[in-house]
Amino acid sequence: MAQSFQQYLETHQSENLEQLKEFLKIPSISALSENKGDVLKAAEWLRDELTRIGLEHVQVLKTKGHPVVYGDWLHAENKPTVLIYGHYDVQPVDPLNLWETPPFDPEVRDGKIYARGASDDKGQVFMHIKALEALFQTDGKLPVNVKIIFEGEEEIGSPNLPIFLQSHKEMLQADVLVISDTDMLDKGKPSICYGLRGLTGLQIDVKGANSDLHSGSFGGGVQNPAHALVEILASFHDSEGRILVEGFYDKVEEITEEEKKAIAQVPSDDEKIRQELGVPELFGEPGYSFYERTSYRPTLEINGMYSGFQGEGIKTVLPNTATAKITCRLVPNQDPAEIFQLLVKHIENHKPKGVTVQITPFDQGSPFLTPFDHPAIQSAGRACEKVYGTKVAYTRSGGSIPIVADFNETLNIPVVLLGFALASENFHAPNEHFHLENFYKGMETLCHYWYDLAESL
Ligand SMILES: [Zn+2]
């Protein structure tokens, strides 16, 4: 009988590890122009690898910045097509003196491989390649159609990805997008992220007189922009933390019963969080836990405000300007541009007399959600459970991953965030590492996933 992919992966463990080291040795720092050649070298390394394992149409595609590596294998008739995204660029390494071993000289210590990019994201990119290789080597084919896109600019904000997606829409068309660039819940606890919050932001500039005024001569006779700004800001929430902007919650869906069950799988200790933060009590929308407030509910936060005299001592002045910066984290169905308009309307309705108010929009990003019961999500869950032998957690994250929104907007396909890193693995920091346990188990999980997905999507 032919070898199983598990056997194959097991017998190739040390070989795979040595090869990962080779990949990690390439200092593909996208932010530094002096490493431009190295970023290209990493792209070419991937091109050669993808070709070697048996992918087709493999190419290094130029962008205005660092290239995109593409490859596919489309011979699984009547089976779904999976688009796999990862990035082969890494963060800069400074401060170098805090690294215990050089960042581009990978070393295994204590069951972990230490190197820049080990977990974010070269290690996970490499796992995808090796999982596909194991399937080719043991089955001679893949259970699903696969398209791969590896980017070289994620760590600098993917400036050229949206244009690339637009101009390669046909080529990238697939039934599901799988990204392995996130972390697990904890050691031994796999998780699948099915939702991210979006973002809309703005700056409010309140202007009064044409210069700062003496408070003895003018105080009491002219509107103070700082007072006016405070009045506007105070109108955004009630005293319990509920947002009062008209229409803000209109499209927000309540947490479903099914989701409540998923939430129960995510251990969250509000009291422990309170203690760690050193606050007298946690605060937020009534009726929701800390995790729900920070992942399932939208927010409106003041990020900064400034006005008037900030120096030592006292200065009896009426400032002539006051500024606040605000961002909202948005949940599925909330449209960033629409929420921005609601905020503008709210501010206009609450504008105090005697000042002018100017509003400037900031970056906007759409929220993303793949329905939790989507077959692609559930299939990934089954694959994790098979390998890790424990219940998988389905999570939503309070943050935003801009590339997910980019993909979502262009290709409009479900996204599965199936990551194998751990939050403690020092991404972007000195001594970045990756647990080999997840390196090995992750490859096995991916193989199971492609078999399961072939039957369930
Ligand atoms: Zn990353």
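It should be noted that the structure appears before, not after, this text.
What counts, and where the lines are drawn
- Starting from 1, residues in each chain are numbered consecutively following that chain's sequence as written.
- Predicted model: local features are reported for residues with pLDDT of at least 70 only, side-chain atom pairs are reported and counted for 80 or more only, and whole-chain, interface and lining totals are derived from all residues.
- The side-chain numbers reported here are obtained from all heavy atoms of the structure, hydrogens and water having been left aside.
- Put simply, DSSP H or I for four residues or longer makes a helix, DSSP E for two residues or longer makes a strand, and each gets a number counted from the N terminus.
- Only protein chains enter the accessibility calculation, which uses a 1.4 Å probe; a residue is then buried when its area is under 20% of its type maximum, exposed when over 50%, and partly exposed in between.
- We get accessible surface area from the Shrake-Rupley algorithm with a probe of 1.4 Å; when it comes to residues, only the shown protein chains can shield them.
- Two strands pair if DSSP finds at least two bridges between them.
- Under this scheme, a helix contributes an axis fitted over its contacting stretch, all axes are lines through C-alpha atoms, and angles between N-to-C directions fall in the 0 to 180 degree range.
- The contact rule is simple, with two residues in contact once any of their heavy atoms fall within 4.5 Å.
- Salt bridge criterion: a side-chain nitrogen from Lys or Arg within 4 Å of a carboxyl oxygen from Asp or Glu.
- Whenever a nitrogen or oxygen atom comes within 3.5 Å of another N or O atom, the pair is scored as a polar contact, on the condition that within protein one atom can donate a hydrogen and the other can accept it, and that pairs from neighbouring residues in sequence are kept only if both atoms are in side chains.

Draft legend 1. Fine view of the overall build of the protein chain. A count of helical and extended segments in the protein chain gives 15 helices and 18 strands. Dimensions of the protein chain, computed from the C-alpha atoms along their principal axes, are close to 95 × 50 × 45 Å. Within the protein chain, the proportion of its 457 residues that are buried is 53%. For the protein chain, the exposed surface amounts to about 20700 Å²; the carbon and sulfur share of it is 49%.

Draft legend 2. Just the sheet that holds strand S11 (residues 299–307), in detail. Read across the sheet, four strands follow the order S11-S13-S9-S14 without closing on themselves; strand pairing throughout is antiparallel. Of all the strands in the sheet, the pair left with one neighbour each is S11 and strand S14 (356–365). Within this sheet the neighbouring strands show an average axis-to-axis angle of 15°, counted without direction. Sheet topology note: the strand S9 (residues 198–207)/S14 ladder contains eight bridges and is antiparallel. When the sheet's bridge partners are listed, Val-206 is paired in S14 with Val-357. Sheet contacts for helix H12 (residues 336–349): S9, S11, strand S13 (321–330) and S14; angle to S9, the most-contacted strand, approximately 25°.

Draft legend 3. Summary view of the pattern of salt bridges. Across all of its chains, the model carries 22 salt bridges by this definition. Residues Glu-107 and Arg-109 are paired through a salt bridge, measuring 3.1 Å at the closest nitrogen-oxygen approach. One network of salt bridges, in which partners are shared, links Glu-49, Arg-52, Lys-130 and Glu-133.

Draft legend 4. Examining the environment of Gln-203 more closely. Counting through the fold element by element, Gln-203 comes out in strand S9. Taking C-alpha positions, Gln-203 is 8.1 Å from Gln-358, a pair spaced 155 residues apart along the chain. A polar contact is formed between the side chain of Gln-203 and the side chain of Asp-205, at a distance of 3.0 Å. Polar side-chain contacts of Gln-203 include one of 2.6 Å to the side chain of Lys-325.

Draft legend 5. A look at the sheet that holds strand S18 (residues 433–435). Taken in spatial order, the three strands of this open sheet run S4-S5-S18, and their pairing is antiparallel. Single-partner strands in this sheet number two, and they are strand S4 (107–109) and S18. Direction aside, the axes of adjacent strands within the sheet are offset by 25° on average. Where strand S5 (residues 112–114) meets S18, three bridges bridge the pair, whose relative direction is antiparallel. In the strand pairing of S18, Tyr-114 is matched with His-433. Each of S4 and S5 touches helix H2 (residues 13–24); the most contacted strand, S5, lies at about 25° to it. Where helix H15 (residues 436–456) meets the sheet, its contacts fall on S4, S5 and S18, and the angle it forms with S18 comes to roughly 60°.

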